[in-house]
Protein chains: 2
Amino acid sequence: MEKQVKIAVLGLGVVASGLVENLNAAKEKIKQQTNLTFSIAKVLVRSRENKEEQAKKHQLTLTTDVNEILDDPTIDIVVELIGGTDAAKKWIIKALKQKKHVVTANKDLIAQFGNELTSIAKQSNVSLFYEASVAGGIPILHTLNNSFIADEITGIKGILNGTTNFMLTQMAELGLSYDKALQTAQAAGFAEANPTNDVDGWDAAYKLMILVRLAFAKDLALKDIKIVGIQSITQKDNDYAQKLGYQIKLLAQVKKIEEHLYAEVAPVLLSNTHPLAVVKNEMNGILIESKAMGTSMFYGPGAGASPTAQSVLADILAIAQNMTNKQPVPQMSVSNLPNCEIHEEVVSDYYFLLSDCTVDLANFLEKQEVKTLSLSQTDLIEAAFVAKQLTIKQKDWLIEQLQQVSHIKQILSVVEE
Amino acid sequence: MEKQVKIAVLGLGVVASGLVENLNAAKEKIKQQTNLTFSIAKVLVRSRENKEEQAKKHQLTLTTDVNEILDDPTIDIVVELIGGTDAAKKWIIKALKQKKHVVTANKDLIAQFGNELTSIAKQSNVSLFYEASVAGGIPILHTLNNSFIADEITGIKGILNGTTNFMLTQMAELGLSYDKALQTAQAAGFAEANPTNDVDGWDAAYKLMILVRLAFAKDLALKDIKIVGIQSITQKDNDYAQKLGYQIKLLAQVKKIEEHLYAEVAPVLLSNTHPLAVVKNEMNGILIESKAMGTSMFYGPGAGASPTAQSVLADILAIAQNMTNKQPVPQMSVSNLPNCEIHEEVVSDYYFLLSDCTVDLANFLEKQEVKTLSLSQTDLIEAAFVAKQLTIKQKDWLIEQLQQVSHIKQILSVVEE
């Protein structure tokens, strides 16, 4: 039996336009496979200017009054694509309370208020889906919510920010400087005029918060995550990384160690043989480690109008298929794991770049009983090496020793296969 | 409100044992998150011998009479893990007709009879799920059925057989011969005593048939797929592949060209920079190309008791969560695309290995206007090269020319990034 589903969209920017186009393109296929017919009933715009032509082309009804949508009892699903956390939050709450299902791509909002909004959705017995908020085109939230529900996740490693990954790839493959790579990213539309949010690691941290909530049923705050941006990465680091068999990546990581979580976003040296090493330029990748499954990895476009719109559309379809159910697809709630904290016994490999070295480093490190993977010291001026299997205490101690005989220019964690 | 779901399992081999263990381990988590409690009501075994201890440990009720399960109206979900296509098919049909949902990991059965079984499931208004039948631990069928439902898939490339991938990785990385690699795979439990099904490409072809059905709503027969095994691959091919920047992989591929499908399973040279190049040893990987999403890739364990059992468990959970719905999760049906056929205009790169070459090959190929990527000819005895962008006609013509001046020892397609 055919069913008509009415959607309203808040916003008509690039993702919303992509949604309108993808929905139109897929209408027949969707109807054939699900017996569902979708119509976009209303679109909220700030002003009608510049939008009339697009509205006419796709036969969209525009409104500048959000209440025309939120108070319309015929609308089943509200799609929030305006961004920001003020109006978006207020309107999503109202929509949920009016028993409308909500789909959003709003990463900042879901990272900060996802738990509160999910509670409201539950109380109203409607669904709140936000697949597009993390890793654009990769269906990772859906997969966590479904395929891993009976598994125990022990760690996540993700390349979650396309801007920085594009920049780091350009630096490594074309030998560009940081500044030149940023300009290239801006010219290609992968970086904003003010790139702080991306290059400082905040964007990846917000996405990690959302992943952690679904994977570990745990609500993190930004302050729970150790966040380091990519500004300190130089061509020199890239040269050494390549020589040693690594790529520099901005990696978002969370590990569960006993009952503690340790979360960080930081540039690391990633082994060329690691599954995430194939994630180049603006692509994203997420690796899940779990008890039953072992290692899984998901790779795809991290952003872009069409992939993001497609994720929004997949959420809309999932909701619509469950609408007759009167029972929303279960969403994870937050449990009472202890707060995120650094576990002193975390052992890692570390890359060091030194200058003004006054000793023979191989000799020096051997005396300190530091196991090294590779050492590159052509003269006393500069040296790089990877120290293996250091605890945080051991690392701090090694830093002290090295400071007495050299100038430390860089320290990065190393992630092996 | 808590709901009790009763499962019966046909078979108690490694995957079924894994299922019992994973379900026990996850019981509390599942109950907390879904309000569902699962119990394994009955397990069908061929004979009670050797199974009594296991049954006691996990408090399982064994039966040797399948009708005690199929005629039991209290059982909600039947999990088929006996394999084969005779009894399994008969029992699954009976279970579906008795309005029981069915989960199976039976690749051969679903590849050959999936369409017929899905129709029966639909008529009975129950679900038939088979996530574990393709790429063990990778939730690829679920993803195709959900995230790609509104997208248009244009191609799939998969490393779907763990046995051959393990062998090829060992050959490439340790320089093992084909025979030695097979022995190693058998010793590691990755290859059966009779490896035909794997090394001849049939296993990968069956999995490709299932992927094609969900991705293109098209029922293929084995004869629609060009199937080439890995027996002809030598250390020499591996040496040249490495020199040229490739890895040899048994690749299952399907491409949609206009309204035609072209499907094959064959060893290819895969570029080291291709996302699937990270898929080593027994792992599997599947790359999806689609209009809206672009390129996506999914990587994970291809087999193994625990990952396979976990996929079965994810299917069970998906069904149980939809049971109150009285409406099974929609499954794709088969459309009327024209038959799979080779499209003459398919353009590809090809790797050639020649011996007894009587000409200077660089010169010869230039005269024939063949663009080459790399040519490795140290003397007249042997040479290898990659010819770029040949149509099938051009390839056949080049083969004719080369046969006049050399002995052709190997031809493989080349897959670039």
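This one's a predicted model, so the numbers in the text were calculated from it and none came from an experiment. (Residues numbered from 1 in each chain as written. Chains lettered and ligands numbered in written order. Predicted model: local features only at pLDDT ≥ 70, side-chain atom pairs only at ≥ 80, totals over all residues. Heavy atoms only, no water.)

Novice: Run through the interface of chain B and chain A, naming residues and quoting values.
Specialist: Each side of the interface is counted separately: chain B has 43 residues, and chain A has 44 residues. Of the roughly 3,900 Å² buried at the junction of chain B and chain A (both faces included), carbon and sulfur atoms supply 57%. Inspection of the chain B/chain A interface yields 0 salt bridges. Looking at the side of chain B that touches chain A, the elements that each hand over two or more residues are α1 (14-34), α6 (140-146), β12 (294-301) and α12 (305-323) of chain B. Ranked by residues supplied to the side of chain B that touches chain A, first place goes to α12(B) with 9 residues. The class makeup of the residues in the side of chain B that touches chain A is 21 nonpolar, 20 polar and 2 charged. Here strand β12 (residues 294-301) of chain A pairs with β12(B) via 3 bridges, running antiparallel. Bridged to Tyr299(A) within β12(B) is Met297(B). (Contact = heavy atoms within 4.5 Å. Buried area = accessible area lost by both parts, 1.4 Å probe. Salt bridge = Lys/Arg side-chain N within 4 Å of Asp/Glu carboxyl O. Helix = DSSP H or I, 4+ residues; strand = E, 2+ residues; numbered from the N terminus. Nonpolar A, V, L, I, M, F, W, Y, C, P; charged D, E, K, R; others polar. Pairing = 2+ DSSP bridges.)

Novice: Residues and numbers for the UniProt feature "domain: Aspartate/homoserine dehydrogenase NAD-binding" (unreviewed entry) in chain A, please.
Specialist: Sites flagged by UniProt as "domain: Aspartate/homoserine dehydrogenase NAD-binding" (unreviewed entry) map to residues 11-131 of chain A. Helix makes up 50% of residues 11-131 of chain A and strand 17%, whereas the separation of the span's terminal C-alpha atoms amounts to 18 Å. (UniProt positions renumbered as here; feature names shortened; annotations may be inferred.)

Novice: Report on the sheet that holds strand β3 (residues 62-63) of chain B, specifying residues and quantitative values.
Specialist: Residue and element names in this part refer to chain B. Pairing within the open sheet is parallel, and its 6 strands lie in the order β3-β2-β1-β4-β5-β6. Every interior strand has two partners, whereas the edge strands, β3 and β6 (128-129), have only one. Pairing of strand β1 (residues 3-10) with strand β4 (residues 77-80), which is carried by 4 bridges, proceeds in the parallel orientation. Within β4, the position partnered with valine 9 by the bridge is valine 79. Contacts from α12 reach β1, β2 (36-44), β4, β5 (101-104) and β6 within the one sheet, and its direction differs from that of β5 by about 165 degrees. (Axes fitted to C-alpha atoms, helices over the stretch in contact; angles between N-to-C directions.)

Novice: Could you give an account of the sheet that holds strand β6 (residues 128-129) of chain A, with specific residues and numbers?
Specialist: Hydrogen bonds along the backbone pair up the strands of a sheet, which may run parallel or antiparallel. Residue and element names in this part refer to chain A. Strand order in this open sheet of 6 strands is β3-β2-β1-β4-β5-β6, and the pairing throughout is parallel. Unpaired on one side and paired on the other, β3 (62-63) and β6 mark the two borders of the sheet. Bridge count between strand β4 (residues 77-80) and strand β5 (residues 101-104): 4 bridges; the pairing is parallel. The residue bridging valine 79 from the neighbouring strand is valine 103, located in β5. The sheet strands contacting helix α12 (residues 305-323) are β1 (3-10), β2 (36-44), β4, β5 and β6, and the helix crosses β5 at an angle near 165 degrees.

Novice: Quick one: what's the story with the relation of the copies chain B and chain A, residue by residue and with numbers?
Specialist: Here two copies of a chain appear, and what relates them is a rotation about an axis with a shift along it. Superposition of chain B onto chain A requires a rotation of 180 degrees combined with a translation of 0.0 Å along the rotation axis, giving an RMSD of 0.0 Å. The transformation just described matches what one would write down for a two-fold rotation axis. Comparing contact sets, 100% of the residues at the interface of chain B also lie at the interface in chain A, consistent with an isologous, same-surface contact. (Least-squares fit on C-alpha atoms with pLDDT ≥ 70 in both.)

Novice: I'd like a description of helix α4 (residues 87-97) of chain B, backed by residues and values.
Specialist: All names here are of chain B. Those residues of α4 that fall on the buried side of the exposure criterion are Ala88, Lys89, Ile92, Ile93, Ala95 and Leu96. Each buried residue of α4 lies within a common arc of 165 degrees when the element is viewed along its axis, so the set occupies one face. Opposite its buried face, α4 presents the exposed residues Lys90 and Lys97, each directed more than 90 degrees away. The elements touched by buried residues of α4 are α3 (67-70), β4, β5, α5 (107-124) and β6. Phi turns positive, to about 65 degrees, at lysine 99, one or two residues after α4. (Buried < 20%, exposed > 50% of the residue type's maximum accessible area, 1.4 Å probe, protein only. Arc of directions from axis to C-beta.)

Novice: Can you lay out the side chain of His101(A) for me, pointing to particular residues and giving the numbers?
Specialist: Along the chain, His101(A) turns up in strand β5. Excluding its chain neighbours within four sequence positions, the residues that come into contact with His101(A) are Asp76(A), Ile77(A), Val78(A), Val126(A), Ser127(A), Ile319(A) and Met323(A).

Novice: Report on the packing of aromatic side chains, specifying residues and quantitative values.
Specialist: Remark: the centre distance and the inter-plane angle together describe each pair of aromatic rings, the angle taken between the planes. All names here are of chain A. Applying the stated criterion across every chain, the model contains 5 aromatic pairs over all chains. On the numbers, 4.8 Å between centres and 55 degrees between planes, the contact of phenylalanine 166 with phenylalanine 190 is tilted. Taken as a pair, phenylalanine 166 in helix α7 (residues 162-174) and phenylalanine 190 in the loop between α8 (178-187) and α9 (196-199) lie far apart in primary sequence, 24 residues in all. Residue phenylalanine 166 is classed as buried on the basis of its relative accessible area, which comes to 7%. On the basis of relative accessibility, which here comes to 29%, the residue phenylalanine 190 falls in the partly exposed class. The ring of phenylalanine 113 carries the charged tip of lysine 89 above its face, separated from the ring centre by 4.0 Å. (Phe/Tyr/Trp six-rings, centres within 6.5 Å; stacked < 30°, edge-to-face > 60°. Lys NZ or Arg CZ within 6 Å of the ring centre and 35° of its normal.)

Novice: Any chance you could break down the environment of Glu52(B) for me, citing the residues and the numbers?
Specialist: By secondary structure assignment, the location of Glu52(B) is in helix α2 (residues 52-57). For the pair formed by Glu52(B) and Gln186(B), sequence separation is 134 residues and the distance between their alpha carbons is 29 Å.

Novice: Describe α12(B), with residues and values.
Specialist: The end-to-end C-alpha distance of α12(B), which contains 19 residues, comes to 27 Å, matching closely the 27 Å that a straight helix rising 1.5 Å per residue would cover. The element α12(B) is extensively covered by neighbouring structure, given that 17 of its 19 residues are classed as buried. (Expected span 1.5 Å × (residues − 1).)

Novice: Account for the domain arrangement of chain A, naming residues and giving values.
Specialist: The accessible area lost on association of the parts is a frequent measure of interface size. With domains assigned, chain A is organised as domain 1 (3-140 + 305-323), domain 2 (145-296) and domain 3 (347-415). Using only C-alpha atoms to locate each centre, domain 1 of chain A and domain 3 of chain A end up separated by 52 Å. (Domains from an automatic or database assignment.)

Novice: Pulling in residues and values, what's your account of the environment of Ala252(B)?
Specialist: Residue and element names in this part refer to chain B. Mapped onto the fold, alanine 252 is located in strand β9 (residues 246-257). In sequence terms alanine 252 and glutamine 231 are 21 residues apart; their C-alpha atoms lie 16 Å from each other. Each residue touching alanine 252, except ones within four places of it in the same chain, is listed here: Ile156, Lys157, Gly158, Leu160, Ala204, Leu208, Glu264 and Val265.

Novice: Give me the pairing of strand β10 (residues 260-271) of chain B: which residues, what numbers.
Specialist: Residue and element names in this part refer to chain B. A large share of β10 lies buried, amounting to 11 of its 12 residues. Pairing geometry for strand β8 (residues 225-227) and β10, over 3 bridges, is parallel. Looking at the pairing, isoleucine 227 lines up with valine 265 of β10. Across 12 bridges, β9 lies against β10 in antiparallel orientation. For alanine 252, the partnering residue across the bridge sits in β10 and is valine 265. Counting the residues that bridge the hairpin from β9 to β10 gives 2 residues, and of these glutamate 258 lies at a positive phi of roughly 50 degrees.

Novice: Describe the packing of α7(A) against α8(A), naming the residues involved and giving the relevant values.
Specialist: Residue and element names in this part refer to chain A. Look at α7 against α8: their axes get within 9 Å of each other, and the N-to-C directions meet at 125 degrees. As far as their axial angle goes, α8 and α7 are oblique. Considering the relative orientation of α7 and α8, their crossing is right-handed. In this structure, α7 uses Phe166, Met167, Gln170 and Met171 to contact α8, whose residues at the interface are Tyr178, Ala181, Leu182, Thr184 and Ala185. Here the residues of the contact of α7 with α8 are counted per class, giving 7 nonpolar, 2 polar and no charged. (Parallel < 35°, antiparallel > 145°, perpendicular 65-115°, else oblique. Left-handed = near helix turned anticlockwise from the far one by under 90°.)

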